[in-house]
Amino acid sequence: MLLSSHHNPRPRRREGRPASGSGVGELALPLAGCLVLLAFAAAAAVLCSSPYGASSSHRRHGILPSSSGSGVGVGAAGPSVTILSAPLPPPEGSPARLELAVRSWLALQGNVSVVLLGAHPSAHELAGKLGGRVTVDTAVDLSFTGTPFFHSMVARAQAADSDISVLVDAEIVLLPETATLLKHFSKIDRDWFIFSMSRNSSDFPYHLADNGRQWLHADGKDVSLKKLQEIQTDNWAADGSDRGLIVAWNNPTSALVAGVTPSFLNGRGVHNRWLINEVLSSETRLVFDASNLVLGLRPENFSSKQDFSSSRNASSPAGSWEYMVNRHLAAVYGSYCYELPRIHTTMLYKVVKQFEDYLLSKVEEPNLSDSVTNKEQNAPAEEGSLCRKENSQSATVSLPYSLEMLLQLAADRNRSVVLAVAGASYRDMLMNWVCRLRHLRVANFVVCALDQETYEFSVLQGLPVFRDPLSPKNVSFDDCHFGTQCFQQVTKVKSRIVLKILRLGYNVLLSDVDVYWFHNPVPFLHSLGPATFAAQSDEFNGTGPVNLPRRLNSGFYYARSDDATITAMEMIVKHATNSGLSEQPSFYDVLCGEDGANRIGGDKCLEPNTNLVVVFLSRDLFPNGAYRGLWERHDVLSACRELGCFIIHNNWVRGRRKKLQRQMASGLWDYDPSSRLCLQNWSDASRLSLQNDEPVSTD
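What comes next concerns the included structure.

Remarks on the packing of helix α2 (residues 95-106) against helix α3 (residues 121-130)
Here comes step 1: Contact pair α2 / α3: the axes reach a minimum separation of 11 Å and the direction vectors enclose 40 degrees. Here α3 runs oblique to α2, going by the angle between their axes. Relative to α3, α2 is oriented so that their crossing is right-handed. Each of Leu-98, Glu-99, Val-102, Arg-103 and Leu-106 in α2 lies in contact with α3, whose residues at this interface are Leu-126, Lys-129 and Leu-130.
Here comes step 2: The residue makeup of the contact of α2 with α3, split by class, is five nonpolar, no polar and three charged.

Details of the sheet that holds strand β20 (residues 465-467)
Here comes step 1: The nine strands lie next to each other as β20-β19-β18-β21-β24-β23-β27-β26-β25, forming an open sheet whose pairing is mixed. At either margin of the open sheet sits one strand with a lone partner, and together these are β20 and β25 (599-600).
Here comes step 2: Across two bridges, β25 lies against strand β26 (residues 604-607) in antiparallel orientation. In the sheet register, Arg-599 faces β26, and the bridge partner there is Cys-605.
Here comes step 3: Relative to strand β19 (residues 445-449), helix α12 (residues 427-439) is tilted by about 170 degrees, and along the sheet it contacts β18 (416-422), β19 and β21 (507-511).

Observations regarding the state of the cysteines
Here comes step 1: The tally for this structure, following the rule as stated, stands at two disulfides.
Here comes step 2: Across the disulfide, Cys-435 is cross-linked to Cys-678 (sulfur-sulfur distance 2.1 Å). Between Cys-435 and Cys-678, the S-S dihedral sits near -85 degrees, and the bridge is therefore left-handed. In this pair, Cys-435 sits in helix α12 while Cys-678 sits in strand β30 (residues 677-678), placing the two residues 243 residues apart along the sequence.
Here comes step 3: With its sulfur 2.1 Å from that of its partner, Cys-592 forms a disulfide with Cys-605. Disulfide Cys-592-Cys-605: torsion about the S-S bond near 105 degrees, hence right-handed. Highlighted residues: Cys-592 in helix α17 (residues 583-592) and Cys-605 in strand β26, separated in sequence by 13 residues. A single burial state applies to Cys-592 and to Cys-605, both of which are buried.

Structural notes on the pattern of salt bridges
Here comes step 1: The final tally for this structure, using the stated rule, is 17 salt bridges.
Here comes step 2: Ionic pairing is found between Lys-494 and Asp-512, a salt bridge with its closest N-O pair at 2.9 Å. Of the two residues, Lys-494 sits in helix α14 (residues 485-503) while Asp-512 sits in the loop between β21 and β22 (515-517), which places them 18 residues apart along the sequence. Across this residue pair, the class does not change: Lys-494 and Asp-512 are buried.
Here comes step 3: With a closest N to O distance of 2.8 Å, Arg-550 and Asp-589 form a salt bridge. Here Arg-550, found in the loop between β23 (532-537) and β24 (552-559), pairs with Asp-589, found in helix α17; they are 39 residues apart in sequence, far enough to count as distant.
Here comes step 4: Through salt bridges with shared partners, a single network forms among Glu-99, Arg-103 and Lys-129.

Comments concerning the side chain of Ser-675
Here comes step 1: Within the element layout of this structure, Ser-675 appears in the loop between β29 (671-672) and β30.
Here comes step 2: Relative accessible area serves as the criterion here: at 18%, Ser-675 is assigned to the buried category.
Here comes step 3: Apart from residues lying up to four places away in sequence, Ser-675 is in contact with His-151, Val-260 and Thr-261.

Details of the environment of Leu-174
Here comes step 1: Within the secondary structure, Leu-174 is located in strand β7 (residues 173-174).
Here comes step 2: The buried category is assigned to Leu-174, whose relative accessible area is 2%.
Here comes step 3: Leu-174 sits 71 residues away from Arg-103 along the chain, and the two C-alpha atoms are 9.2 Å apart.
Here comes step 4: Beyond its immediate chain neighbours, meaning those up to four positions away, Leu-174 contacts Ile-83, Ser-104, Trp-105, Leu-108, Val-168, Ile-246, Leu-295 and Gly-296.

Comments concerning the nonpolar core
Here comes step 1: Core analysis: the largest hydrophobic core is formed by 120 residues, its most contacted members being Phe-193, Leu-419, Trp-433, Trp-517, Phe-533 and Leu-591.
Here comes step 2: Here this core gets seven residues from one element, more than from any other, and that element is α12.
Here comes step 3: The contact partners of Leu-419, leaving out residues within four places of it in the chain, are Val-446, Cys-448, Phe-466, Ile-497, Val-498, Ile-501, Val-508, Leu-509, Leu-510 and Ser-511.
Here comes step 4: With 42 residues, the next largest nonpolar core counts Ile-83, Ile-172, Leu-174 and Leu-360 among its residues.

Rules of the game
Residues numbered from 1 in each chain as written. Predicted model: local features only at pLDDT ≥ 70, side-chain atom pairs only at ≥ 80, totals over all residues. Heavy atoms only, no water. Axes fitted to C-alpha atoms, helices over the stretch in contact; angles between N-to-C directions. Helix = DSSP H or I, 4+ residues; strand = E, 2+ residues; numbered from the N terminus. Parallel < 35°, antiparallel > 145°, perpendicular 65-115°, else oblique. Left-handed = near helix turned anticlockwise from the far one by under 90°. Contact = heavy atoms within 4.5 Å. Nonpolar A, V, L, I, M, F, W, Y, C, P; charged D, E, K, R; others polar. Pairing = 2+ DSSP bridges. Disulfide = S-S within 2.5 Å. Buried < 20%, exposed > 50% of the residue type's maximum accessible area, 1.4 Å probe, protein only. Salt bridge = Lys/Arg side-chain N within 4 Å of Asp/Glu carboxyl O. Core = buried A, V, L, I, M, F, W, Y, C linked by side-chain atoms within 4.5 Å.

Here it is, written out as structure tokens:
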């Protein structure tokens, strides 16, 4: 079924009967659009075009007119277009190629704006250099390796306040034909989706003048558009990989696919072809294959002139696992690997150009094996075919990183890491915790998975995860809360893993995943100094000492990698191993003595064998789940902001379901399980950078 557009007013369709055999009803434009339906081959259509909206002298000399000239200028009747892309940081990406590409996007005629996705300094520098039509959006989700998530990029594109959204690789030069095509297709009163494969250019000696409108040769001479056309037809070759695909669609807020877009890693293969296939399979949009047109190119030789040495991430350990993740997701999500019965006739049209006309030829029976939607990613031969039965049903995904390697990647400059330990029952809570850390730009965390299901889920979500081989088996899904035997077994894993990391020379902030972060507490906790162990107090009384017996919460503490702390943690692990209780009483009994014999004042203890100082953190700054009834307040967020909280712990509630309900009802929830996306306020302009500034925090 076709969905009508409601995003922006569109020209009304002409009255009349649909073309015979079109299968999509009318495909008609206002008379000025010069759309003529023909009946040759399968149904075809001619869109009359004036290629660049420019005078013949402009076309002859390759001058791109200003917005005040003829054609689709800013403020004219043409569509508004948002081009979105995620730049690759060096050494995989080239700042010189990126600048050339973005300049070519800005040179397109019409109301064009550019959004660079990510937080790398090179994007901010370029935005500051090129002016207000280029912004940087740092809210897109990233994996722990810094690779953007494709489904997050698509979500951002769907939130664009424009008539058309375009997703393109960051170093693809877009040619004037792109603007011409989008201008004409914007007049179609249907939801549509266009894709096109760009070309590699082994010899592209051109660049844009400072005014951004004139293509120049390396010697400074003007380059005519005719010359560019000759290069397109004579010297370009199609790129068979997933990179280089250009996708565009109108009415961005309307649905693209009927199902869920999984957490593909951008630039790691398959995701563009998967998206094209799913849009076609969803049967909600007209789909146009414009691969016969040359809309974009990738100048391979340009980077070498800028003293740039490229590297293929696919050959590195990170590259191989990221490609495998995408291949796995493509095999198990959607219809990419399956031929599903169609309810309606196909809505795929091939676009070709003859002289100055666009010809739209309907594809009655799409043969995806002959289409760009089914080209296999260039991958190691041992990976085999993406859609093999065993690959889609039984293969597992894993990271090629040991715990030691993950710590090296994650640790901050003080060699501090944040550790979370989670099992399948707390998977959504884990992702809510991760999303909050991503919003705060806290990247120095690692996750210990208690089971294989959580491990594989975390890999697919781009988390720095490792599996503890000694974790208890058969962890209960709903009955592993405080006081249960399951809880006792799981908590003892945490202290043992913390000790292992301390011995490797890293400081550890252990944070349960039911701890909501308002600000990053690591700098404050590290400032307490060496031989200091800082922990949350579980005391529920509003006044009085916070270091009373058994009031040390082992779900949030900061331990330094020094001799005193390591020795104390060894004592705690040994004590917990021989205890029939959870690890939490062992922390207090070892550090503060039974019945608090080692207490100092109302907020400290001193472990006598190591002289380790134990600091019970302020409950105003680090409140537990019973303190001052904060969780029962109408507005928990405002109450905690007034106190200046770093975090709040969602404890003192029994049962996983009640814990989830309380946190979600409070509004302290940043994850959408249905889309597997971190929740974003895409309309919040404060996260956008227009110049060379540091990224704006959203906390």
